[in-house]
Amino acid sequence: LFAGEVDFLKGVVAMDGLPPDDRAEVCFAGRSNVGKSSLINALTGRKGLARASNTPGRTQEINYFTLATDHYLVDLPGYGFANAPVAVVEKWQRLLKNYLAGRASLRRAFVLIDFRHGVKKVDEEIMTLLDRSAVTFQVVLTKADKVKAKDHDKVLAQVRNVLAKHPAAYPEMVLTSSEKGEGIATLRTIIAGLK
Ligand code: GTP
Ligand code: MG
């Protein structure tokens, strides 16, 4: 469904650089290093498509990818701690918030949460922004391969608790591992169904 049918369109550094909002798009938001770019690579089956790295703050632009399903897939810079100069980080945080609050064609924001850590305060701030902007968001738990089965329930309960407080939250979460491929097919099906 996705592989071989995806292309990098452009990297955007300011709101006026966004492509025309004439097709449905989904974005991947989350703290720096949570695994946004890796997830896009796993979804598209193209390893080097979105640049991923160990350094928090790797993605510093809003990166647009086109899918044959006629969606835009959007890789966002991370929020929270980043290994970059303060002024630069502030600039992209502002861009990120403007984008999340003001993009008419955004069908769903996937909010990535590291399965080892659960929801943090900065995640809740983004969720509140999405509530206010009436953008439906869905939690994607990342790095499931790093969490033992016996620890799943505790984190899941914490996330569910938080989601109950957010009117824009989609109730079902998706458990993923970009490393092992877990949950990737499920996520592809969800995206393909968002028109
Ligand atoms: P920024 O662009 O800096 O905001 O980060 P990001 O959210 O795009 O994270 P990125 O995809 O660059 O991944 C960060 C690190 O986590 C990399 O070292 C990845 O290899 C690792 N990682 C991502 N997904 C997984 C996963 O499912 N399992 C494991 N074990 N590691 C992962
Ligand atoms: Mg990234």
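Residues numbered from 1 in each chain as written. Chains lettered and ligands numbered in written order. Predicted model: local features only at pLDDT ≥ 70, side-chain atom pairs only at ≥ 80, totals over all residues.

### Here we look at the overall build of the protein chain
And step 1. For the protein chain, the helix and strand inventory stands at 5 helices and 7 strands.
And step 2. Secondary structure elements of the protein chain, listed N to C terminal, follow the sequence β-β-α-β-β-α-β-α-β-α-β-α.
And step 3. Expressed as lengths along the three principal axes of its C-alpha atoms, the size of the protein chain is roughly 45 × 35 × 30 Å.
And step 4. Taking all 195 residues of the protein chain together, the buried fraction comes to 38%.
And step 5. Once local pairs closer than 6 in sequence are excluded, the contacts in the protein chain between residues at least 24 apart make up 75%. (Helix = DSSP H or I, 4+ residues; strand = E, 2+ residues; numbered from the N terminus. Buried ≥ 20, exposed ≤ 12 C-beta atoms within 10 Å, placed from the backbone. Contact = placed C-beta atoms within 7 Å.)

### Points about the environment of Met127
And step 1. Mapped onto the elements, Met127 comes out in helix H3 (residues 121-133).
And step 2. For Met127, a count of 23 C-beta atoms within 10 Å gives the class buried.
And step 3. A sequence separation of 10 residues divides Met127 from Phe137, and the C-alpha atoms of the two residues are 7.7 Å apart.
And step 4. Dropping the residues within four chain positions of it, Met127 is found in contact with Val111, Phe137, His166 and Ala169.

### A look at the site of ligand 1
And step 1. Not every one of the 24 residues close to ligand 1 is listed here, only the nearest: Gly35, Ser38, Ala52, Thr59 and Gly78.
And step 2. Top contributing element to the shell around ligand 1 by residue count: helix H1 (residues 36-44), with 3 residues.
And step 3. For the shell around ligand 1, the residue count by class is 4 nonpolar, 14 polar and 6 charged. (Near = placed C-beta within 6 Å. Nonpolar A, V, L, I, M, F, W, Y, C, P; charged D, E, K, R; others polar.)

### Some points on the nonpolar core
And step 1. Among the nonpolar cores identified, the biggest contains 47 residues, and Ala29 and Val111 are the most heavily contacted of them.
And step 2. For this core, the leading source of residues is strand E5 (residues 106-114), giving 6 residues.
And step 3. With near-sequence residues (within four places) excluded, Ala29 lies in contact with Leu76, Leu100, Ala109, Phe110, Val111, Leu112 and Ile126. (Core = buried A, V, L, I, M, F, W, Y, C linked by C-beta atoms within 7 Å.)

### Observations concerning the UniProt feature "domain: EngB-type G" (unreviewed entry) in the protein chain
And step 1. Here, the residues flagged by UniProt with the feature "domain: EngB-type G" (unreviewed entry) are residues 22-195.
And step 2. Across residues 22-195, helical content stands at 34% and strand content at 19%; the span's end C-alpha atoms are separated by 12 Å. (UniProt positions renumbered as here; feature names shortened; annotations may be inferred.)

### A word on unusual backbone geometry
And step 1. Unlike most non-glycine residues, Asn33 shows phi in positive territory, near 80°.
And step 2. Here Asn33 is to be found in the loop between strand E2 (25-30) and H1.
And step 3. Despite not being glycine, Ala134 has its phi angle at roughly 55°, a positive value.
And step 4. Secondary-structure assignment places Ala134 in the loop between H3 and strand E6 (137-142).
And step 5. Looking at Ala134, the number of C-beta atoms within 10 Å reads 9, which means it is exposed.

### Thoughts on the pairing of strand E4 (residues 72-75)
And step 1. Across the two faces of E4 the burial is the same, with Tyr72 and Val74 and Leu73 and Asp75 all buried.
And step 2. Pairing of E2 with E4, which is carried by 4 bridges, proceeds in the parallel orientation. Pairing of Val26 across the sheet is with Leu73, part of E4.
And step 3. In this sheet, E4 lies alongside strand E3 (residues 62-67) in antiparallel orientation, the contact comprising 4 bridges. Following the sheet pairing, Thr66 is matched in E4 by Tyr72. (Pairing = 2+ DSSP bridges.)

### Observations concerning helix H2 (residues 86-102)
An α-helix turns once per 3.6 residues; consequently, residues spaced three or four apart project the same way.
And step 1. With 17 residues, H2 ought to run about 24 Å at 1.5 Å a step, and its terminal C-alpha atoms sit 24 Å apart, in line with that.
And step 2. Residues of H2 that are buried include every one of Val89, Trp92, Leu95, Tyr99 and Leu100, and no others. All buried residues of H2 fall inside an arc of 130° around its axis, so they share one side. Opposite its buried face, H2 presents the exposed residues Val86, Ala87, Glu90 and Arg94, each directed more than 90 degrees away.
And step 3. Those residues of H2 that are buried are in contact with E2, E3, E5 and H3. (Expected span 1.5 Å × (residues − 1). Arc of directions from axis to C-beta.)

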